[in-house]
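# Per-entry structural report
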Amino acid sequence: MTSAALGMICALSAGDLAQAATTTTTAKHKHAHAPAGPDLAQQVKDLQAQVEALQQTMAAQTQAQQQSQAQTAQAIADSQAQAAQATATARAAQAKLDMQIEQIPGAVQTAVAAQPKPPTDKFYYKGITITPGGFLEAATIWRSSNLGSDMASSFAKVPFGNAALSHAQEFRVSGRQSRVSFLAEGNINQDMKAAFYGEFDFLGAAQTANSNESNSYNPRIRNVYGTVDWDSLGLHVLGGQNWSLITLNSKGITPRNEVTPTAIDAQYVPGFAWARQPQIRLVKDFADKQAWIAVSAENPQSTFTGTAGNALPTGISVTDLVTGNTTINGAPAGSVASSGFNTVNTMSLNKLPDFVAKLAIEPEIMGSRPLHAEVFGLYRDFYDQITVTSANTIGLKPGVREAAVDGGGVGGSITLTVWPKRLDLQGSFLTGKGIGRYGSAQLSDATLNANGEIAPIHETMFLGGATFHATPKLDLYIYGGEEKENSQISAVGTTNFGFGDLAGTNFTDAGCKTIGGACSATVRQVDQITAGLWDKAITGPYGQIRLGLQYSHTWLTGFAGPNGFAPTTSEDMVFTSFRYYPF
């Protein structure tokens, strides 16, 4: 704008000068000798002054413009530097964000892995939760003397040395202990819960079962029962076939928490008190489940021994066992009604169930419950039918009558965590009369007195054990147990009846250890010590493989004769197990 103004002024000045010159020339023509006037010179000076002023103004404006341009350039440079710094910061932040994003999957996986696993071992149907269970097993058994037993050893049947089988070893391979189970649970309402549990293996042996070719052994029931629980009342009801109430529990008095020896042998360890049988059970818990009481009525069965072949004095006979019938008398014409029992098996006469009452405590100790203790009582009723004829020689009135006698016992059990996740101890005992069938050695419940009445045999059994969790995968265990009975003898004159050394035989070591020797010993005591391990060899998303090894030494003691010599025999057994737990 200043330059344009200056140009205009110069143009105007030039025009004025030209006009002045023209005027001057014209004047010369008119007045050739007239001098220049002062007005024109002054105008020129004024115009020159204006030009200089304009030039100064233009210079000042140029300087100001240059300063402004310099400031603008500096501002632009500063902005560019700030932009560059912001860009660098943004890039660094983006790189950090990219790195964090890359790390997110791993962090998420770690976080997910740390969360409780969802229940993938169950499935659901119409509001019912169903949990499958069980394992597949391939086991081997070696015995130093032949028992003719599969996975369940007949401890009290170990032959004495005078029998040929005591010198014949036994080896078997078996898959019959493989097991399948399921648990179905449902909430009837907010306070009432119902459950149904079934467990089966293949240790049943029908009359056609054998190991010749197809090894066609049949399944059998281990446990099938239902439960109803009222949480607010602390009340629990069980009905069906389950472990007897005398069996040691690890948590309260609740099913599926039984503490059995972890041996591979399906008959466990002598001295262990247990049974699996139909029952009705009522349980009540107290004090935040630190105390429990329970009663049960359980299926009865009696086993008898002694009085060779149940031989009794002349004129006296008894019916204490019945054989399963293929038909029932009085069945409608043209039909066959099965008794449901095998014709080669016998059942005892019983008119009352076995009754068991138990008290269990789990006291709170420093924030945990490492101790579980139980006491229980068992009541049994023994019953038979006695026929007496006039030929009897002991003065009994002829006729047929029923006779009943009481039996039972008391016992206790304990489990103790001595070292959390490392060492657990357990112990149990049962003592009383007529309790033999509740022990793993299966000594007899009762014998017969000379008058035909049942005489329960006094017995005491106990078991102690320890399990050491050497690593999260490896468990080592050891158990020791004993079952011992007293003699039960009644005499008529010089003849003994009942259970014990009835003949007063003087046994000898040679007679009881030489094949074909004289040794009609009657077993009164079974002892065993056993040790083994379980290794969780492989664990993955599709189950677990466990390897087991067990060694046991069992020895039997018979009643001593008048000479004080008590016959003995022993058995060594080795078991191995390969198990796959898919669930």
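Each value, and the rule that gives it
- Residues numbered from 1 in each chain as written.
- Predicted model: local features only at pLDDT ≥ 70, side-chain atom pairs only at ≥ 80, totals over all residues.
- Heavy atoms only, no water.
- Helix = DSSP H or I, 4+ residues; strand = E, 2+ residues; numbered from the N terminus.
- Contact = heavy atoms within 4.5 Å.
- Areas by Shrake-Rupley, 256 points an atom, 1.4 Å probe, with all protein chains shown as cover.
- Patch = residues over 30% accessible without salt bridge, like charges linked within 9 Å, V, L, I, M, F, W, Y side chains within 5 Å.
- Salt bridge = Lys/Arg side-chain N within 4 Å of Asp/Glu carboxyl O.
- Buried < 20%, exposed > 50% of the residue type's maximum accessible area, 1.4 Å probe, protein only.
- Phe/Tyr/Trp six-rings, centres within 6.5 Å; stacked < 30°, edge-to-face > 60°.
- Lys NZ or Arg CZ within 6 Å of the ring centre and 35° of its normal.
- Pairing = 2+ DSSP bridges.
- Disulfide = S-S within 2.5 Å.
- pLDDT = per-residue confidence, 0-100.

### Brief notes about the overall build of the protein chain
Along its length, the protein chain carries four helices and 25 strands. Pairs at least 24 apart in sequence give 65% of the contacts found in the protein chain among residues at least 6 apart. Accessible surface, the protein chain as shown: approximately 31,500 Å² in total, 60% of it carbon and sulfur.

### Considering the environment of Glu459
With respect to the element layout, Glu459 can be found in strand β19 (residues 458-469). Considering only alpha carbons, one finds Glu459 and Glu485, 26 residues apart in sequence, at a separation of 4.2 Å. If near-sequence neighbours (up to four positions away) are discounted, Glu459 is found in contact with Leu430, Thr431, Gly432, Ile435, Gly436, Leu443, Ser444, Glu483, Lys484 and Glu485.

### Quick word on a nonpolar patch on the surface
Side chains of Leu416, Val418, Trp419, Leu425, Phe468 and Leu476 sit close together on the surface and give an oily, nonpolar patch of about 500 Å² of accessible area. Among the elements that make up the nonpolar patch, the one with the highest residue count is strand β15 (residues 399-419) (three residues). For Leu425, the location among the structural elements is in strand β16 (residues 423-433). Given a relative accessible area of 34%, Leu425 falls into the partly exposed group.

### Overview of the pattern of salt bridges
For the structure shown, the criterion picks out 16 salt bridges. For the salt bridge of Glu170 with Arg143, the shortest nitrogen-to-oxygen distance reads 3.3 Å. Residue Glu170 is located in strand β3 (residues 170-174), and its partner Arg143 is located in strand β2 (residues 128-143); the two are separated by 27 residues in the primary sequence. Assessed through its relative accessible area of 0%, Arg143 is described here as buried. The partner of Glu374 in a salt bridge is Lys358, with the nearest N and O atoms 3.0 Å apart. With Glu374 in strand β14 (residues 371-388) and Lys358 in strand β13 (residues 354-361), this residue pair connects regions lying 16 residues apart in the sequence. Neither residue differs from the other here; Glu374 and Lys358 are each classed as buried. Taken together, the shared-partner salt bridges connect Glu199, Asp201, Arg220 and Arg222 into one network.

### Regarding the packing of aromatic side chains
Evaluation of the coordinates by the stated rule reveals 11 aromatic pairs. Between the NZ or CZ atom of Arg422 and the centre of the ring of Trp419, over which it lies, the distance is 5.8 Å.

### Concerning the pairing of β15
Successive residues of a regular strand alternate their side chains across the two faces of the sheet. Looking at chain direction, β14 and β15 are connected through 18 bridges and run antiparallel. Paired with Leu371 across the two strands is Leu416, which belongs to β15. As judged from the 11 bridges shared by β15 and β16, these two strands associate in the antiparallel manner. Opposite Gly408, over in β16, you have Lys433 as the bridge partner. Hairpin geometry of β15 and β16 is characterised by an intervening segment of three residues between the two adjacent antiparallel strands and by a positive phi of about 65 degrees at Lys421.

### Overview of the state of the cysteines
By definition, a disulfide links two cysteine residues through a covalent bond between their sulfur atoms. What the rule picks out here adds up to one disulfide. Note on cysteine connectivity: Cys512 is disulfide-linked to Cys519, with sulfurs 1.9 Å apart. Taking the torsion about the sulfur-sulfur bond, which here is approximately 85 degrees, the covalent link between Cys512 and Cys519 counts as right-handed. In this structure Cys512 comes out as buried when scored by relative accessible area, which is 2%.

### What to know about the side chain of His469
With respect to the helices and strands, the residue His469 is situated in strand β19. With relative accessibility at 19%, the residue His469 sits in the buried group. Leave out the neighbours within four places in its chain, and His469 touches Lys421, Arg422, Leu423, Asp424, Leu474 and Asp475.

### A closer look at the side chain of Ser552
If you trace the backbone, Ser552 turns up in strand β24 (residues 543-558). Those residues within four positions of Ser552 in sequence are excluded, and the remaining contacts are Gln528, Ile529, Thr530, Glu571, Asp572 and Met573.

### Points about the confidence of the model for the protein chain
Averaged over every residue, the pLDDT of the protein chain is 88; the share at 70 or more is 88%. Overall, residues 1-6 carries pLDDT values under 50, and its contacts beyond four positions in sequence, including any with other chains, amount to eight contacts. Low pLDDT (under 50) marks residues 8-36, which in the prediction has eight contacts with non-local residues, meaning those over four places away or in another chain.

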